[in-house]
Amino acid sequence: MPAALIRIENLRFRWADDADFCLDIPLLEVHAGERVFLHGPSGSGKSTLLGLLGGVLVPERGRLHLLGSELTQLRPAARDRFRADHVGFLFQLFNLIPYLSVVDNVLLSCRFSARRLARATAAGNSPAAEAHRLLTQLDLDASLHGRQVTRLSVGQQQRVAAARALIGQPEIVIADEPTSALDTERQVAFLELLRDECDRSGSTLLFVSHDRRLAAGFDRQLSLATGGGVSAGGSA
Amino acid sequence: MRWLLILAARSAWNRRLTLGMTLVAVALSVTLLLGVERVRDEARNSFALSVSGTDLVVGARTSAVQLMLYAVFRLGEASNNIRWQSYQAIAADPAVAWAIPLSLGDSHHGLPVLGTTGAYFEHFRYGDGQPLSFAAGAPFSGLFETVLGAEVADRLGYRLGDRIVISHGMGDTGLAEHDDKPFTVVGILARTGTPVDRTLHVSLEAIEAIHLDWAGGAPLPGLSIPAEYVRKFDLQPKEITAALIGLKSRAAVFRLQRKINNHPGEPLLAVLPGVALDQLWQMVGFAERTLLAVSAMVVAVGLAGLVAVILASLGERRRELAILRSVGARPGELFFLLSAEALFVTLLGALLGVALLALLTTLLAPLVQAHFGLSLSAQWVTSDELQLLAAVVAAGLLASLVPGYSAYRLSLADGLTPRL
């Protein structure tokens with residue numbers, strides 16, 4: 001078995017202003033190329049876990065291993081750099097910066113990471129060409145690429161956000177309820193597009209949702225308990 | 001770094017209406033601050049340039065500042081005159097090189113009429129010692145002849161040969177007119193940028209002549225002496241308002257000043273123009289500083305408004321900051337992003353303020369010149385103003401740290417998922 005891409009060990013996190021809550025993860029492993037569904041009802045510490053994986057939060061104790069780097073050992077600036085280079089984030093809603101164009105929103109990932117800029121340039125002829133390619137791949141018609149993001153539908157906005165998470169081929173893509181604002185039909189279509197694109201760019205996908213119905217099509221299912229623990233949810 | 005600046009500019013453009021209003025506020029406050037400084041500067045300048053080469057100003061005993069104000073700047077009125085004999089005694093002192101008698105009190109359309117002698121055109125100096133020069137005509141030689149300052153001729157549209165009537169007393173309206181003895185314009189002086197421009201000059205004898213049939217500020221009823229007969233009277237003045245004295249050697253100035261101040265015939269006052277000006281600045285210095293402080297306060301209010309507007313926008317922008325954070329922006333970069341916005345508006349406001357001041361001084365210079373005799377120069381910035389601008393920008397920099405720090409704190413607290 002190859003070394004895990006993400007390995008969390010004996011991790012514990014507590015918010016300073018909330019003594020009741022405690023995220024406690026004895027072990028969590030995600031391997032390269034896996035598509036993992038992480039089920040987490042609200043209050044289970046999803047956001048907290050995302051913050052930890054993004055290097056924005058630091059655990060009280062435990063190990064947080066990503067791509068062979070121990071995040072807990074890195075300085076804050078290095079963690080930010082690590083996130084920029086290796087992790088693509090995709091959120092629930094309002095993923096876009098309203099005053100930037102569709103393409104500039106996608107390219108935002110390349111602005112803070114020379115590595116992803118170089119990869120995007122290598123993949124397309126230019127970062128902008130790669131952005132257009134990804135957007136088209138994600139089923140966003142070329143006529144919409146020049147439009148103001150505020151004039152796109154929610155589904156279209158989420159596809160722009162997905163392109164931003166994917167550009168420059170980050171090793172890890174973390175999606176936090178990106179489909180919650182879509183109707184069922186579009187949810188399925190969006191998930192398929194997202195998984196296909198992760199396959200194509202070789203990114204590992206960690207998909208976080210409270211909705212178990214979306215778990216179909218993922219390699220593995222994990223659950224965050226309401227108290228903040230994690231358990232294997234069995235293969236889907 | 002460059003990208004962050006572009007991002008800051010685009011974000012600012014996205015909120016151009018609210019930021020535009022604060023920009024206007026900052027620009028106006030900068031205009032006010034620099035404007036106050038400019039007027040103050042020009043006022044001092046024009047006062048300092050109004051008289052040069054005069055060693056002593058002599059008048060009736062009053063305060064040094066008041067004597068300067070009415071004798072040199074034609075502001076306010078003399079409380080007392082000095083006797084002609086006293087003037088003659090001073091002028092005859094062996095230390096005195098030249099003396100210019102000044103007789104004030106009448107006016108023409110609100111502008112002062114000055115009775116003097118040919119010595120005025122010969123010895124009076126202004127600026128860095130420039131003599132008066134004629135734009136047209138020559139000094140008066142006849143009795144009812146007048147020489148106009150440049151501003152008088154300009155504003156009232158007088159040319160050589162025009163006939164004008166002098167009013168009794170100072171003011172604009174409701175004055176008795178010396179209309180039985182009109183004056184002919186024989187000379188127009190070149191512009192000096194001093195009170196001379198606003199003055200009508202006539203001979204001392206003419207002042208005497210137009211008051212022959214007057215008593216107590218009104219024409220004597222039943223008595224009218226036609227202009228052709230006045231020469232039959234003794235037109236030697238009995239009193240004058242003040243005198244400017246030039247010495248052969250400056251070394252004698254304090255000795256002569258003491259002598260005049262102890263004049264046995266009547267209480268006189270002799271002042272050194274430079275010393276009197278210093279006293280004047282000391283008097284108005286407090287008002288100047290107050291004015292400057294008030295305008296500095298206005299700048300502070302403008303900057304506080306700017307900070308408030310940016311802080312208010314921060315609430316709506318938490319999501320935006322979280323997105324930037326998720327693609328790898330460091331909290332420090334968000335600090336920079338928000339600070340850059342405030343600093344950018346301050347810089348733009350300062351520039352706009354300077355441009356506005358340049359525009360205003362260009363537009364208003366003729367008005368200010370006409371009403372206050374101040375020549376506002378429409379230059380961009382002086383080094384003093386540059387210092388004020390630097391202070392404004394420094395204050396803006398300091399103020400910009402507030403939204404920057406708020407964004408920094410917010411991004412650390414929110415992480416990737418702002419709790420809205």
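Quick caveat: nothing in here was measured; it's all calculated off a predicted structure.

Enquirer: Looking at this model, I keep getting lost on the overall build of chain A. Mind explaining?
Expert: Counting its regular elements, chain A contains seven helices and 10 strands. Compactness check: chain A gives a C-alpha radius of gyration of 17 Å against a globular reference of 18 Å for 236 residues, within 12% of the reference. By principal-axis analysis of the C-alpha atoms, chain A measures approximately 50 × 40 × 40 Å. Out of the 236 residues belonging to chain A, those deemed buried represent 45%.

Enquirer: Is there a simple way to think about the overall build of chain B in this case?
Expert: Check the secondary structure of chain B and you find 12 helices and 16 strands. Computed over the C-alpha atoms, the radius of gyration of chain B is 31 Å, more than 25% above the 22 Å expected from 2.2 N^0.38 for a compact globule of 420 residues. When its C-alpha atoms are laid out on the principal axes, chain B stretches across 105 × 45 × 35 Å. In chain B, which comprises 420 residues, the proportion classed as buried is 40%. Relative to all contacts within chain B whose residues are 6 or more apart in sequence, the contacts with residues 24 or more apart total 80%.

Enquirer: Would you explain the packing of helix α3 (residues 64-71) of chain B against helix α9 (residues 273-316) of chain B in this entry?
Expert: Two packed helices can be described by the angle between their axes and the distance between those axes. Residue and element names in this part refer to chain B. It is the contact of α3 with α9, at a shortest axis distance of 9 Å, that shows an interaxial angle of 105 degrees. Taken together, the axes of α3 and α9 lie roughly perpendicular to each other. Between α3 and α9, the contacting residues are Ala-64, Val-65 and Met-68 on the first element and Pro-273, Val-275, Ala-276, Leu-277, Gln-279, Leu-280 and Met-283 on the second. Partitioned by chemical class, the residues of the contact of α3 with α9 number nine nonpolar, one polar and no charged.

Enquirer: Can you walk me through the interface of chain A and chain B in this structure?
Expert: Think of interface size as the accessible area that goes away when the parts come together; that is how it is often given. If you look at the interface, chain A gives 23 residues, while chain B gives 16 residues. Per-element tally for the side of chain A that touches chain B: the top contributor is helix α2 (residues 76-86) of chain A, with five residues. Taken together, the residues that form the side of chain A that touches chain B break down as 13 nonpolar, six polar and four charged.

Enquirer: Would you mind showing me how to read the sheet that holds strand β4 (residues 61-66) of chain A here?
Expert: Strands belonging to one sheet form pairs held by backbone hydrogen bonds; the direction of such a pair is parallel or antiparallel. With antiparallel pairing, four strands are arranged side by side in an open sheet as β2-β1-β4-β5 (chain A). Only two strands of the sheet have a single neighbouring strand rather than two, namely β2 (18-30) and β5 (69-70) of chain A.

Enquirer: Would you mind going over the domain arrangement of chain B with me for this structure?
Expert: Its domain assignment divides chain B into domain 1 (2-47 + 284-414) and domain 2 (56-271). When each unit is reduced to the centre of its C-alpha atoms, the spacing between domain 1 of chain B and domain 2 of chain B is 50 Å.

Enquirer: Is there a simple way to explain the pairing of strand β3 (residues 96-108) of chain B in this structure?
Expert: Within a regular beta strand, the side chains point alternately toward one face of the sheet and then the other, so they alternate between its two faces. Residues and elements named next belong to chain B. Direction of pairing for β3 relative to strand β15 (residues 242-247): antiparallel, over a ladder of six bridges. Residue pairing across strands places Ala-99 opposite Ile-245, the latter belonging to β15. With four bridges connecting them, β3 and strand β4 (residues 111-116) associate as antiparallel partners. Residue pairing in the sheet places Asp-106 in a bridge with Val-113 of β4.

Enquirer: Would you mind going over the packing of helix α2 (residues 16-49) of chain B against helix α12 (residues 383-414) of chain B with me for this structure?
Expert: Residue and element names in this part refer to chain B. It is at 10 Å that the axes of α2 and α12 come closest, and there the two elements cross at 155 degrees. Considered as vectors, α2 and α12 are oriented roughly antiparallel to each other. Taken as a pair, α2 and α12 cross one another with a handedness that is right-handed. Here α2 contributes Val-30, Leu-33, Leu-34, Glu-37, Arg-38 and Asp-41 to the contact with α12, which in turn contributes Asp-384, Glu-385, Leu-388 and Val-392.

Enquirer: Honestly, helix α10 (residues 318-326) of chain B in this entry has me stumped. Any pointers?
Expert: Working note: α-helix, 3.6 residues per turn, so residues spaced by three or four point in the same direction. All names here are of chain B. Among the nine residues that make up α10, seven are buried, leaving the element largely enclosed by the rest of the structure. The complete set of buried residues in α10 reads Glu-320, Leu-321, Ala-322, Ile-323, Leu-324, Arg-325 and Ser-326. Looking one or two residues beyond α10, the residue adopting positive phi is Gly-328, at roughly 115 degrees.

Enquirer: Help me understand the environment of B:Gly315 in this model?
Expert: Along the chain, B:Gly315 turns up in helix α9. Here the alpha-carbon distance between B:Gly315 and B:Leu410, two residues 95 residues apart in the chain, equals 9.6 Å.

Enquirer: Would you take a moment to explain the environment of A:Asp139 for this structure?
Expert: Residue and element names in this part refer to chain A. As for its position among the elements, Asp-139 is in the loop between α5 (127-137) and α6 (154-166). With 51 residues separating them along the chain, Asp-139 and Phe-190 place their C-alpha atoms 9.4 Å apart. The residues contacting Asp-139, other than those within four sequence positions of it, are Arg-159 and Leu-193.

Enquirer: Explain the confidence of the model for chain B to me, please; I cannot follow it from the model alone.
Expert: Do not read the predicted coordinates in detail wherever pLDDT is low. Residues of chain B with pLDDT of at least 70 account for 95%, and the chain-wide mean is 88. Scoring of the predicted complex yields 0.77 for pTM and 0.91 for ipTM.

Enquirer: In this structure, what is going on with the environment of A:Asp183? I would like to understand it.
Expert: By the element assignment, A:Asp183 lies in the loop between β7 (172-176) and α7 (184-201). Judged by local crowding, A:Asp183 falls into the exposed class, with 10 C-beta atoms found within 10 Å.

Enquirer: I tried to follow unusual backbone geometry on my own but got confused; where do I start?
Expert: Excluding glycine, most residues fall at negative phi; most peptide bonds, likewise, are trans. Residue and element names in this part refer to chain B. You will see that Arg-74, though not glycine, has its phi angle at about 55 degrees, which is positive. By secondary structure assignment, the location of Arg-74 is in the loop between α3 and β2 (82-83). The phi angle at His-109 is positive, at roughly 50 degrees, despite the residue not being glycine. The residue His-109 is located in the loop between β3 and β4 in this model.

Criteria and thresholds
- Residues numbered from 1 in each chain as written.
- Chains lettered and ligands numbered in written order.
- Predicted model: local features only at pLDDT ≥ 70, side-chain atom pairs only at ≥ 80, totals over all residues.
- Helix = DSSP H or I, 4+ residues; strand = E, 2+ residues; numbered from the N terminus.
- Rg over C-alpha atoms; globule rule 2.2 N^0.38 Å.
- Buried ≥ 20, exposed ≤ 12 C-beta atoms within 10 Å, placed from the backbone.
- Contact = placed C-beta atoms within 7 Å.
- Axes fitted to C-alpha atoms, helices over the stretch in contact; angles between N-to-C directions.
- Parallel < 35°, antiparallel > 145°, perpendicular 65-115°, else oblique.
- Nonpolar A, V, L, I, M, F, W, Y, C, P; charged D, E, K, R; others polar.
- Pairing = 2+ DSSP bridges.
- Domains from an automatic or database assignment.
- Left-handed = near helix turned anticlockwise from the far one by under 90°.
- pLDDT = per-residue confidence, 0-100.

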